[in-house]
Amino acid sequence: MDEQALLGLNPNADADFRQRALAYFEQLKISQDAWQVCAEALAKSIYSDDHIKFFCFQVLEHQIKFKYSELTEVQQQLIRETLITWLQAQMLNPQPEKTFIRNKAAQVFALLFVTEYLTKWPKFFFDILSVVDLNPRGVDMYLRILMAVDAELVDRDVVHTSEASCYFALTFEARRNTLLKDTMREQCIPSLVESWYQILQNYQYNNSELTCQCLEVVGAYVSWIDLSLIANERFINMLLGHMSVEVLREEACDCLFEIVNKGMDPIDKTKLVESLCQVLQSAGLFSIDQEDDVDFLARFSKLVNGMGQALIASWTKLIKNGDMKSAQDTLQAIEAKVALMLQLLIHEDDDISSNIIGFCYDYLHILKQLSALSDQQKANVEAIMLAVMKKLTYDEEYNFENEGEDEAMFVEYRKQLKLLLDRLAQVSPELLLASVRRVFNTTLQNWQTTRFMEVEVAIRLLYMLAEALPVSHGAHFSGDVTKATALQDMMRTLVTSGVSAYQHTSVTLEFFETVVRYEKFFAVEPQHIPTVLMAFLDHRGLRHTSPKVRSRTAYLFSRFVKSLNKQMNPFIEDVLNRIQDLLELSPPENGYQALLSSDDQLFIYETAGVLIVNSEYSAERKQALMRNLLTPLMEKFKVLLEKLMMAQDEDRQMALADCLNHAVGFASRTSKAFSNKQTVKQCGCSEVYLDCLQTFLPALSCPLQKEVLRSGVRTFLHRMIICLEEEVLPFIPSASEHMLKDCEAKDLQEFIPLINQITAKFKTQVSPFLQQMFMPLLHAIFEVLLLPAEENDQSAALEKQMLRRSYFAFLQTVTGSGMSEVIANQGAENVERVLFTVIQGAVDYPDPIAQKTCFIILSKLVELWGGKDGPVGFADFVYKHIVPACFLAPLKQTFDLADAQTVLALSECAVTLKTIHLKRGPECIQYLQQEYLPSLQVAPEIIQEFCQALQQPDAKVFKNYLKVFFQRAKP
């Protein structure tokens, strides 16, 4: 072997050596006999370097996986002998191999097993067992090989075939694996099980590592072998013995879980679970409070969860089968586990609690189906409820300012508890409401002296009731009087108790989340609105010391104001004055720390806009208020734009451009309060927004930071088209001209939707403008599309694909808005060029989304121009290019008829052919029958069939036929 190249296998080797080693590996993979050198190196232990040994196994692995069938009988025998020789050496070596080498060797053994077991090596396991006997190192390898074989045959996580492999390869593999398992069950599984028993018996007291490995093997195989081989007295007794050995019990727990999880007859399953429970209980394992090993308890909780869910699955099947007597016995068995389930659910360790939630949830589902609950079942429901309330509580260690992995896990755990709470509400809504009310009132009476986590959870429970007790459109305060009264009382307590002043971010946030969730309460008791508004506006909300609270409050404040609408009227001026300082555009000077980020300010601007627009003021007053809101932005914008023009430093330019962009964004956001031009006119605000337009548009001619500035102005134009309608039109030509200068793919991609919006909205009104800018826009698009790009530059390829889609979407909008004259008036040469790009889009690019759009354009043009009075030469174009496109595109290998988007493209292709037939009549059929289809070597009877389908009046019939036609035509 190339010793120099092998040096690169060491992880500490430099990049050049590593590159050389990689190239050498690729070279050996394609070499005819390199594997033999590696086999010899392994069999004779030539190399002591671990990385070289691993490398040799990788070469063998590649040979077995991809080139095994090319080997002669003798060569295949050599691989078998090499592996057995290597295995024998393991028991004699002074030191065991590193774990990563043993795992790789096990994978290679497993690959050889799936390749040879059914044909050339039926004694695979017996040969290995005869070599390893009970030698600890040999047993270690034997168990690793068993796990690797299971992973090949069963493990769903292993992706056995590449994505490109077809369905048949997957089904072949599944069939092969089933055959392998069936053969193993017949020929060797009883012997393997016996070997496991011997290993467990031999090593359970003196080698915990091997015992745990063996238990893992038993757990893995039990899912697909005869359960009676494992679920019998000698095995179960041994496993239960392991449950009281500290180093073995976690693995024994997992093994028992797999046994319980095995699919079987419901009555047998109940018996198995019950017998296991009796033994576990008599061994004292149900006494949770005396156990302090949380890792073991987490596994034990998973086992109890498995047993509980197994019993519930049995109960469900027995009910379905009508076996009420057995179902009742099973229900009793389930009930007997509830006390243990509750102990685990309430455990202070969240992992232990989380592992039992499935059983808990399913148990509640059973109770929901029962016609009446016994006193014990009602007590169980209440106990689960109290457990959930307790476990929802944050602990002291939770880091609110810097949430990490532990915090994220608790948030996930809380989501699981919420599902339990929702299920509790389905079982007994009255009990849930009463329990929450009791906890809430008790806590809020003494909130000043109560720990933050208890106050937070009390408010959180009120918040969660909104989803647990659902109503339509948040109408919690009407309908059911008991519920409405209870919720109203709690909300009144929440807003009058002063708890919003609690000095902890979690309580503050929960307060604001809850008042917004129950905004309908303020329609019933509007006298509390000022109290809540003040909380939003002062140090409790938007001026809180925590940026996280300020940020979330900005969003919630906006929702609160929007939901209250007319009830805000008495407070508008006061609120606008109080938020004045929060509306200031943060200057890009270093060191200035604004209270709100620019994203948060967007919500404040939107709120201000909503307050003004929804007010009952006169149009003059609304206009004045809106001008007061927007004038500072316009003035600041002019100053900042001048500064940007003169800025030399790039960082400074970026900061100024961002600030300008924020100003435009804020103005844009205020317009969200208007739904259409009518409302803008009614409020007398058109003039203010036209002033904004005139202020912002000069930014488009700024040569610096073009991308940022154009993006902001473009968004503003989108909004103004909705708010000002035709009043925007005078500004569009010059804005478009600036936006088309020196633009890149992304600029164009974002500019085209603006033109599409204008075209679709104003149609013929903008026809002269469109005719004028049509070719400049197309030239800009073609220029970008023709730019050379690196072969492997995926982002550039994606940008071009997206731009191509935008270009075709533009043509679709133009043709679909009844303005085909915009294209027709571009001169014959340009029209032809455009048409060819559409044909190219339909046929040449493997992008079904673009292809679909192209066929829509083609069928629209045929509909408009395909008749006898269409443009000169278009009929010729239909036969020479459009008809062939309808066949060439679906015949391409890349046109995947199993893909949903492609089927939609084919559907539009069918519409195009139908439209051609509609416009050209018998002439179209004659062309297909006598010229085009014969040129594709289509058989005469198929041509006949195709033309008949095309002439069917029902378009759906032809669409279905076309799919079948191309499925048959493709090899």
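Model, not experiment: these values are computed from the prediction.

With that out of the way, let us pick up the packing of aromatic side chains. Within this structure, the stated rule accounts for 52 aromatic pairs. Ring centres of Trp121 and Phe124 lie 4.9 Å apart, and the angle between their planes is 75°; this geometry places the pair in the edge-to-face category. Each member of the pair, Trp121 as well as Phe124, carries the same accessibility label: buried. Between Phe782 and Tyr807 the ring centres are 5.6 Å apart and the planes differ by 75°, which places this aromatic pair in the edge-to-face class. Taken as a pair, Phe782 in helix α37 (residues 767-785) and Tyr807 in helix α38 (residues 794-816) lie far apart in primary sequence, 25 residues in all. The exposure class assigned to Tyr807 is buried, which follows from its relative accessible area of 1%. Taking NZ or CZ as reference, Arg249 lies 4.0 Å from the ring centre of Phe296, over its face. Its guanidinium or amino end placed over the ring of Tyr394, Arg414 lies 4.3 Å from that ring's centre, counting from NZ or CZ.

All right, on to the packing of α37 against α38 then. As a packed pair, α37 and α38 sit with axes 11 Å apart at the nearest point and diverge in direction by 160°. By the angle between their directions, the pair α37 and α38 is classed as roughly antiparallel. Pair α37 / α38 crosses with left-handed handedness. Where α37 approaches α38, its residues Leu770, Phe774, Leu777, Leu778, Ile781, Phe782, Val784 and Leu785 are matched on the opposing element by Lys800, Leu803, Arg804, Tyr807, Phe810 and Leu811. Within the contact of α37 with α38, the residues separate by chemical class into 12 nonpolar, no polar and two charged.

This brings us to helix α16 (residues 324-345). Between the first and last C-alpha of α16 there are 30 Å, a value that for 22 residues agrees with the 32 Å anticipated at 1.5 Å per step. The sharpest bend along α16 measures roughly 35° and falls at Val338.

Nonpolar side chains in soluble globular proteins generally cluster together in the buried interior. Membership of the largest hydrophobic core comes to 341 residues, with the highest contact counts inside it found for Met184, Trp196, Tyr221, Phe300, Phe887 and Phe946. Ranked by residues supplied to this core, first place goes to helix α22 (residues 452-468) with 13 residues. Residue assignment places this core across two domains, with domain 1 (263-396 + 404-427) and domain 2 (827-970) each supplying three or more. Once residues lying within four places of it in the same chain are set aside, the contact partners of Tyr221 are Leu146, Val149, Asp150, Met184, Ile189 and Trp196.

What follows concerns the environment of Asn830. Here Asn830 is to be found in helix α40 (residues 828-843). Sequence-wise, Asn830 and Leu778 are 52 residues apart; in three dimensions their C-alpha atoms are separated by 9.9 Å.

Bringing the state of the cysteines into the picture now. For the structure on display, the rule yields zero disulfides. The cysteine Cys188 is free of any disulfide, with Cys214 supplying the nearest cysteine sulfur at 15 Å. Given the relative accessible area of 1%, Cys188 is considered buried. There is no disulfide at Cys723, and the cysteine sulfur nearest it, in Cys685, is 9.9 Å away. Residue classification places Cys723 among the buried positions, given a relative accessible area of 0%.

Here we take up the pattern of salt bridges. Tallying each qualifying case throughout the model produces 49 salt bridges. Put simply, Lys44 and Glu40 hold a salt bridge, and the shortest N to O gap is 3.0 Å. Glu923 is the salt-bridge partner of Arg920, the closest N and O atoms lying 3.0 Å from each other. Looking at Glu923, the relative accessible area reads 33%, which means it is partly exposed. Through salt bridges that share partners, Asp50, Lys53, Glu97 and Lys98 make up one connected network.

Attention now moves to the domain arrangement of the protein. In terms of domains, the protein is made up of domain 1 (263-396 + 404-427) and domain 2 (827-970). Between domain 1 and domain 2, the C-alpha centre-to-centre distance is 61 Å.

Our next topic: the environment of Ala39. Relative to the helices and strands, Ala39 resides in helix α3 (residues 34-43). For Ala39, a relative accessible area of 2% gives the class buried. For the pair formed by Ala39 and Glu750, sequence separation is 711 residues and the distance between their alpha carbons is 59 Å.

Before going further, it helps to examine the packing of helix α5 (residues 73-90) against helix α7 (residues 124-132). The geometry of α5 relative to α7 is characterised by a closest axis approach of 9 Å and an angle of 25° between their N-to-C directions. It follows from the interaxial angle that α5 and α7 lie roughly parallel. The chirality of how α5 crosses α7 is right-handed. Where α5 approaches α7, its residues Ile84, Leu87 and Gln88 are matched on the opposing element by Ile128, Val131 and Val132. Of the residues in the contact of α5 with α7, the class split is five nonpolar, one polar and no charged.

Conventions we followed
Here the residue numbers are simple positions, counted from 1 along each chain's written sequence. With pLDDT at 70 or above as the cut-off, local features in this predicted model cover only qualifying residues; side-chain atom pairs require 80 or more to be listed or tallied, and sums for whole chains, interfaces and linings still use all residues. The basis for the side-chain values is all heavy atoms of the structure; hydrogens and waters are excluded. By convention, a stacked pair of Phe, Tyr or Trp rings (six-membered ring in the case of Trp) has centres within 6.5 Å and planes under 30 degrees apart, an edge-to-face pair has planes over 60 apart, and any other such pair is tilted. Each residue gets one of three labels from its accessible area relative to the maximum for its type: buried under 20%, exposed over 50%, partly exposed in between, using a 1.4 Å probe on protein chains only. The helix count covers DSSP runs of H or I at least four residues long, the strand count covers runs of E at least two residues long, and both are numbered beginning at the N terminus. Charge over a ring is defined by NZ of Lys or CZ of Arg lying within 6 Å of the ring centre and within 35 degrees of the ring normal. Angles shown run from 0 to 180 degrees and are taken between the N-to-C directions of axes, each axis being a line fitted to C-alpha atoms and, for helices, limited to the stretch in contact. Any angle between 65 and 115 degrees counts as roughly perpendicular, while under 35 counts as roughly parallel, over 145 as roughly antiparallel, and the rest as oblique. Helix crossings fall into two classes, left-handed where the near helix is turned counterclockwise from the far one by less than a right angle and right-handed where it is turned clockwise. Any two residues whose heavy atoms approach within 4.5 Å at even a single point are treated as in contact. When residues are grouped by polarity, Ala, Val, Leu, Ile, Met, Phe, Trp, Tyr, Cys and Pro land in nonpolar, Asp, Glu, Lys and Arg in charged, and all others, Gly among them, in polar. Between the first and last residue of a helix there are one fewer steps than residues, each counted as 1.5 Å, and that sum is the expected span. In this scheme, the bend at a residue equals the angle between the axes fitted to the seven residues that finish there and the seven that begin there. Working definition of a nonpolar core: buried Ala, Val, Leu, Ile, Met, Phe, Trp, Tyr and Cys residues. They are joined through side-chain atoms within 4.5 Å. An automatic or database domain assignment is the source of the domain bounds shown. A pair of cysteine sulfur atoms is labelled a disulfide when the two atoms are within 2.5 Å. Any carboxyl oxygen of Asp or Glu within 4 Å of a side-chain nitrogen of Lys or Arg constitutes a salt bridge here.

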